[in-house]
Amino acid sequence: MDKRAVDSRVRILHAAVATAPTYLTREQFASVAEVSLRTLDHHLAALRTDRLLDAGPARVLGSAFGYALVVAIRSQTSHAALIDPHGNVVHSVQGREVSNLRALAPSDLLEHVQVLVRRLLATRTRGRGRSGPVDLIGIAVVLPSPLRQSGRPAGQSMHADWRNARRTKPLARAFAEALSAPVERVHVINDGHVHALATAHDRSRELTALGLQRPRESQGDESGPGYREGLSLTLHLGGVISAGVVLLAAERVAGRPGTRLGFVESRLLSGGHSMGGEIAHLPLSGQWFPTINQRSAHADVAPMDADRKCFCGALGHLQAHASDTAVAARVRHLDRRALHDVLLGDEIEDPDVAAALRDVGFLLGLVMMSPLKLLDPKAFHLTGLIARDETAAGVHDGLTERGWSGTLPEILLPPRGLAGQQHLGVRGAGLIVYREWAYRKFERIVRTGQTTGRRQDKADRPQPITFSYRYGAR
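Here the structure is a predicted model, which means the values were calculated and not measured.

Cut-off values and rules
- Residues numbered from 1 in each chain as written.
- Predicted model: local features only at pLDDT ≥ 70, side-chain atom pairs only at ≥ 80, totals over all residues.
- Heavy atoms only, no water.
- Helix = DSSP H or I, 4+ residues; strand = E, 2+ residues; numbered from the N terminus.
- Buried < 20%, exposed > 50% of the residue type's maximum accessible area, 1.4 Å probe, protein only.
- Contact = heavy atoms within 4.5 Å.
- Polar contact = N/O pair within 3.5 Å; in protein donor to acceptor, adjacent residues only side chain to side chain.
- Salt bridge = Lys/Arg side-chain N within 4 Å of Asp/Glu carboxyl O.
- Expected span 1.5 Å × (residues − 1).
- Phe/Tyr/Trp six-rings, centres within 6.5 Å; stacked < 30°, edge-to-face > 60°.

### Focus: the overall build of the chain
Link 1 in the chain: In terms of helices and strands, the chain carries 14 helices and eleven strands.
Link 2 in the chain: Out of the 474 residues in the chain, the part that is buried amounts to 56%.
Link 3 in the chain: For the chain, restricting intrachain contacts to residue pairs at least 6 apart in sequence, the fraction spanning at least 24 positions comes to 67%.

### Things to note about the environment of Asp 352
Link 1 in the chain: Relative to the assigned elements, Asp 352 resides in helix H11 (residues 351-375).
Link 2 in the chain: Spatially, the C-alpha atom of Asp 352 lies 6.3 Å from that of Val 301, the residues being 51 residues apart in sequence.
Link 3 in the chain: Residues within four places of Asp 352 in sequence aside, it is in contact with Ala 299, Asp 300, Val 301, Val 331 and His 333.

### Observations regarding unusual backbone geometry
If a residue is not glycine, its phi is most likely negative; likewise, a peptide bond is most likely trans.
Link 1 in the chain: Each neighbour pair has its own omega, and for Ala 20 with Pro 21 the value is 5 degrees, a cis peptide bond.
Link 2 in the chain: Within the secondary structure layout, Pro 21 lies in the loop between helix H1 (3-19) and helix H2 (26-33).
Link 3 in the chain: With a phi angle near 55 degrees, Ser 180 is a residue other than glycine that sits in the positive phi range.
Link 4 in the chain: Among the secondary structure elements, Ser 180 is positioned in the loop between helix H5 (171-178) and strand S5 (186-190).
Link 5 in the chain: The class of Ser 180 is buried, set by a relative accessible area of 17%.

### Examining the side chain of Asp 161
Link 1 in the chain: On the secondary structure map, Asp 161 appears in the loop between strand S4 (134-143) and H5.
Link 2 in the chain: On the accessibility criterion, Asp 161 (18% relative accessible area) is buried.
Link 3 in the chain: A polar contact is formed between the side chain of Asp 161 and the side chain of Arg 167, at a distance of 2.9 Å.
Link 4 in the chain: Other than its neighbours up to four places away in sequence, Asp 161 contacts Pro 106, Arg 167 and Thr 168.

### Thoughts on the pattern of salt bridges
Link 1 in the chain: For the structure shown, the criterion picks out 13 salt bridges.
Link 2 in the chain: Close ionic contact of Arg 332 with Asp 300 constitutes a salt bridge, the shortest N to O distance being 3.3 Å. Here Arg 332, found in the loop between helix H9 (324-330) and helix H10 (336-343), pairs with Asp 300, found in the loop between helix H7 (288-295) and helix H8 (319-322); they are 32 residues apart in sequence, far enough to count as distant.
Link 3 in the chain: On the basis of relative accessibility, which here comes to 53%, the residue Arg 332 falls in the exposed class.
Link 4 in the chain: Classification of Asp 300 by relative accessible area gives partly exposed; the value is 37%.

### Overview of the side chain of Ser 266
Link 1 in the chain: Relative to the helices and strands, Ser 266 resides in the loop between strand S7 (241-248) and strand S8 (267-268).
Link 2 in the chain: Taking the relative accessible area as the measure of exposure, Ser 266 reaches 1% and is therefore buried.
Link 3 in the chain: At 2.8 Å, the side chain of Ser 266 and the backbone oxygen of Gly 262 are in polar contact.
Link 4 in the chain: With near-sequence residues (within four places) excluded, Ser 266 lies in contact with Val 246, Leu 247, Leu 248, Ala 249, Arg 435 and Arg 440.

### Section: helix H3 (residues 37-49)
Link 1 in the chain: The terminal C-alpha atoms of H3, which comprises 13 residues, lie 19 Å apart, in line with the 18 Å expected from a rise of 1.5 Å per residue.
Link 2 in the chain: The set of residues buried in H3 consists of Leu 40, His 43, Leu 44, Ala 46 and Leu 47.
Link 3 in the chain: Turning to H3, the residues buried within the fold contact H1 and H2.
Link 4 in the chain: At the C-terminal side of H3, Arg 51 shows a positive phi close to 65 degrees.

### Let's talk about the packing of aromatic side chains
Link 1 in the chain: Per the stated rule, a full pass over the model turns up five aromatic pairs.
Link 2 in the chain: With 5.9 Å between their ring centres and 70 degrees between their planes, Phe 65 and Phe 442 make a pair best called edge-to-face. With a gap of 377 residues between them, Phe 65 in the loop between H3 and strand S1 (67-73) and Phe 442 in helix H14 (residues 442-448) connect regions that are remote in the sequence. Grouping residues by exposure puts Phe 65 and Phe 442 together as buried.
Link 3 in the chain: Relative to Tyr 469, the ring of Phe 467 lies with its centre 6.1 Å away and its plane at 85 degrees, an arrangement referred to as edge-to-face.
Link 4 in the chain: By the ring-pair criterion, three or more aromatic residues cluster together here, those being Phe 65, Tyr 434, Tyr 439 and Phe 442.

Spatial relationships are all this shows, so hold off on functional conclusions.
Structural data, given as structure tokens:
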């Protein structure tokens, strides 16, 4: 296949990633891909034959790209899902609740993951409800812990044996062997980072959609809003607090070399030691607590106690006061499950819960003043169960208290409801896998046409897109 044909097919695949599942006419889609109608029709037929594009009218990526398998481990719960090439959750299951799941011994955690994946594959529906092997592009395991470059957890949020090279293998290899999967296709990722990349992807799609609505003569103008590179900052407020910073690449919209999501070339800034964004153990100033408690003196909430211990055993850490566990400890008239239900509602109608959320936001505003000024992000996201309007309002109050000058940053929140909260992280993990093994490899995939078969190690015989997976057998 000559270079021009490869280039046209790569443009078409990137246009599908940027626009699916939105239906576009032939003329609109050809314009997005920056190819002629004749070229589009010719290459669409070939891409559909190779199963790189679906045969339907929406022009979504085809079955040759398989699924991404994601397992998300949280403080007490776990979640497994199959993600399609556009970041949609196809099927998911919830694991059994375990007290302090992240601190399980390695063998127990691996067994928990094995059971969860077995359930996911046993209950998934495919075609007419048939089950069997599933084609996977890769596996992502999401952990509530910072991860070192050595592939082992940092800090004390996970069992100490994971940090002992004599007792355990690196995380990726351990999970690959437990799930009988190729180790190079297993990615172990910090939960704050997957939320950061999920919000970066969704923001990238929004900017691309806005760009495509601009007048044709100005679509290639990269000086417009949303076209320049910038930073996206995401704070994940869950059982463990973490953050992620993504350098958003500029969007390419209907100009040479065709439309491409900025997400494809965006980069996670994880720092020189892979510890970027680990803010859970930031020490807090004791002088802030009287001000915070005065703000919520009218509500039936326990005072924010400066002597509350973090799970690492230290006093005065952000994690001890701004996590969902900390909120549950302060709202005295609701147990944890009842609070969970309140937080998933469309509106926070309980005034005491609202007050506790505003206090968390106020504390975050005090803490985040310097990082926001230093980074000047284009987008500032809050994710997690306690990422609500009240929390965002508290952040603005905290920034104002610290003397913020100029317009307060816009704070973007995730979709409300259980699905929106749970699925954001697993979607982000699945998108990381697809970006690594599909979006950034479209040219190789098109050029070689190798979509199935056994893995090859030689450079001239590259790996297939997916591997056929049935738990327990490669």
